[in-house]
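# Structure at a glance
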Amino acid sequence: MKKVVIIVAFSIFVIFTVQAQDKKTVIENRCKEIIRVICLNEKDQWRKFIKENCTETWINKKMRAQIQGGPDGSAQTATNDELANLEAKVQLFQRLHDDMGKGTISNLKVDGDNAEVQVKGETGLDLTLGLKFIPNAPYLIDGLSVQAMMGGPRN
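All values reported here derive from a predicted model rather than from experimental measurement.

## Side note on the overall build of the chain
For the chain, the helix and strand inventory stands at four helices and six strands. The burial tally for the chain puts 30% of its 155 residues in the buried class. At a minimum sequence separation of 6, the contacts of the chain that also span at least 24 residues come to 48%. As displayed, the chain has an accessible area near 10,200 Å², and 53% of this comes from carbon and sulfur atoms.

Rendered as structure tokens:
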């Protein structure tokens, strides 16, 4: 009886470990794919990625852009609410592509349902994408934040 309990407990542990690893792998792959797709200059590919990898809730959510700083280093903040639909998200990908060009992932961290992807762009723009995923399979993207810094992070 004792052996059966140990075997069952070990089996449950293995199942949960594999599921957690699968979730992390799926999230990491989605993070890598979003960067690959943004580096393309193909609206159809952006649109396809968004439809297949993002929740309807996020697709239909209004976006907010906050811009801080300026040439003199002052802290100015401007907020602009944009359309809430698929085409607005495609425009976001267009802007990221235009600003960054091609990029390479310099760091990728997954913490539960969240991921942070740091990308070095060929234009000198460094991006940090914060991605929020739904907690259950298929682990779709349900939130995205973008921080951009020209020439790397400030100290």
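## With respect to helix α2 (residues 43-53)
Three or four residues apart is the spacing at which side chains of an α-helix point the same way, because the helix has 3.6 residues per turn. Within the sequence span of α2, burial applies to Trp-46, Arg-47, Phe-49, Ile-50 and Asn-53. Angular distribution of buried residues about the axis of α2 spans 160 degrees; they occupy a single face of the element. Opposite the buried face of α2, at more than 90 degrees from it, the exposed residues are Asp-44 and Lys-51.

## Focus: the sheet that holds strand β6 (residues 141-150)
Across the sheet, four strands lie side by side as β3-β4-β5-β6; this open sheet has antiparallel pairing. The open sheet has two edge strands with one neighbour each: β3 (103-111) and β6. Here the average twist between neighbouring strands, direction ignored, is 15 degrees. As paired strands, strand β4 (residues 114-121) and strand β5 (residues 125-133) are joined by seven bridges and run antiparallel to one another. Bridged to Lys-120 within β5 is Asp-126. Contacting β3, β4, β5 and β6, helix α4 (residues 86-100) runs over the sheet at an angle of about 150 degrees to β5.

## With respect to unusual backbone geometry
For the bond running from Ala-137 to Pro-138, omega is 15 degrees, close enough to zero to count as cis. Of note in the backbone geometry, Tyr-139 takes a positive phi value of approximately 55 degrees without being a glycine. Taking the relative accessible area as the measure of exposure, Tyr-139 reaches 14% and is therefore buried.

## So, the packing of α2 against α4
The axes of two packed helices give the description: the angle between them and the distance between them. Between α2 and α4, the least distance of the axes is 9 Å, while the angle of their chain directions is 125 degrees. Here α2 lies oblique to α4, going by the angle between them. Our pair here, α2 against α4, has a crossing hand that is right-handed. Residue-level inspection shows Lys-43, Trp-46, Arg-47, Phe-49, Ile-50 and Lys-51 of α2 in contact with α4, the latter providing Leu-86, Glu-87, Lys-89, Val-90, Phe-93, Gln-94 and His-97.

## Some details on the pairing of β5
Most of β5 sits inside the fold, with seven of its nine residues counted as buried. In this antiparallel pair of consecutive strands, β4 and β5, the connection spans three residues, and Gly-124 shows a positive phi of 100 degrees.

## Quick word on the environment of Asp-99
Inspection of the secondary structure puts Asp-99 in helix α4. If we ignore the near neighbours within four places in the chain, the residues touching Asp-99 are Thr-123 and Leu-125.

## A few points about the nonpolar core
Grouped together as the largest cluster of nonpolar side chains are 31 residues, with contacts concentrated most on Ile-34, Ile-50, Phe-93, Leu-129 and Leu-131. Among the elements of the structure, α1 (2-39), α2, α3 (56-59), α4, β4 and β5 are those that each provide at least two residues to this core. Excluding anything up to four places from it in sequence, Ile-34 contacts Phe-49, Phe-93, Leu-129, Leu-131 and Ile-141.

## Things to note about the packing of aromatic side chains
The full count for this structure, using the stated rule, is one aromatic pair. For the pair Phe-49 and Phe-93, a centre-to-centre distance of 6.1 Å together with 40 degrees between the ring planes defines the contact as tilted. A residue pair is termed long-range when its members are at least 10 positions apart, and Phe-49 in helix α2 and Phe-93 in helix α4 qualify at 44 residues. Relative accessible area serves as the criterion here: at 3%, Phe-49 is assigned to the buried category. Classification of Phe-93 as buried rests on a relative accessible area of 0%. Residue placement shows Lys-89 over the ring face of Trp-58; its charged tip is 5.3 Å from the ring centre.

Parameters and conventions
Residues numbered from 1 in each chain as written. Predicted model: local features only at pLDDT ≥ 70, side-chain atom pairs only at ≥ 80, totals over all residues. Heavy atoms only, no water. Helix = DSSP H or I, 4+ residues; strand = E, 2+ residues; numbered from the N terminus. Buried < 20%, exposed > 50% of the residue type's maximum accessible area, 1.4 Å probe, protein only. Contact = heavy atoms within 4.5 Å. Areas by Shrake-Rupley, 256 points an atom, 1.4 Å probe, with all protein chains shown as cover. Arc of directions from axis to C-beta. Pairing = 2+ DSSP bridges. Axes fitted to C-alpha atoms, helices over the stretch in contact; angles between N-to-C directions. Parallel < 35°, antiparallel > 145°, perpendicular 65-115°, else oblique. Left-handed = near helix turned anticlockwise from the far one by under 90°. Core = buried A, V, L, I, M, F, W, Y, C linked by side-chain atoms within 4.5 Å. Phe/Tyr/Trp six-rings, centres within 6.5 Å; stacked < 30°, edge-to-face > 60°. Lys NZ or Arg CZ within 6 Å of the ring centre and 35° of its normal.

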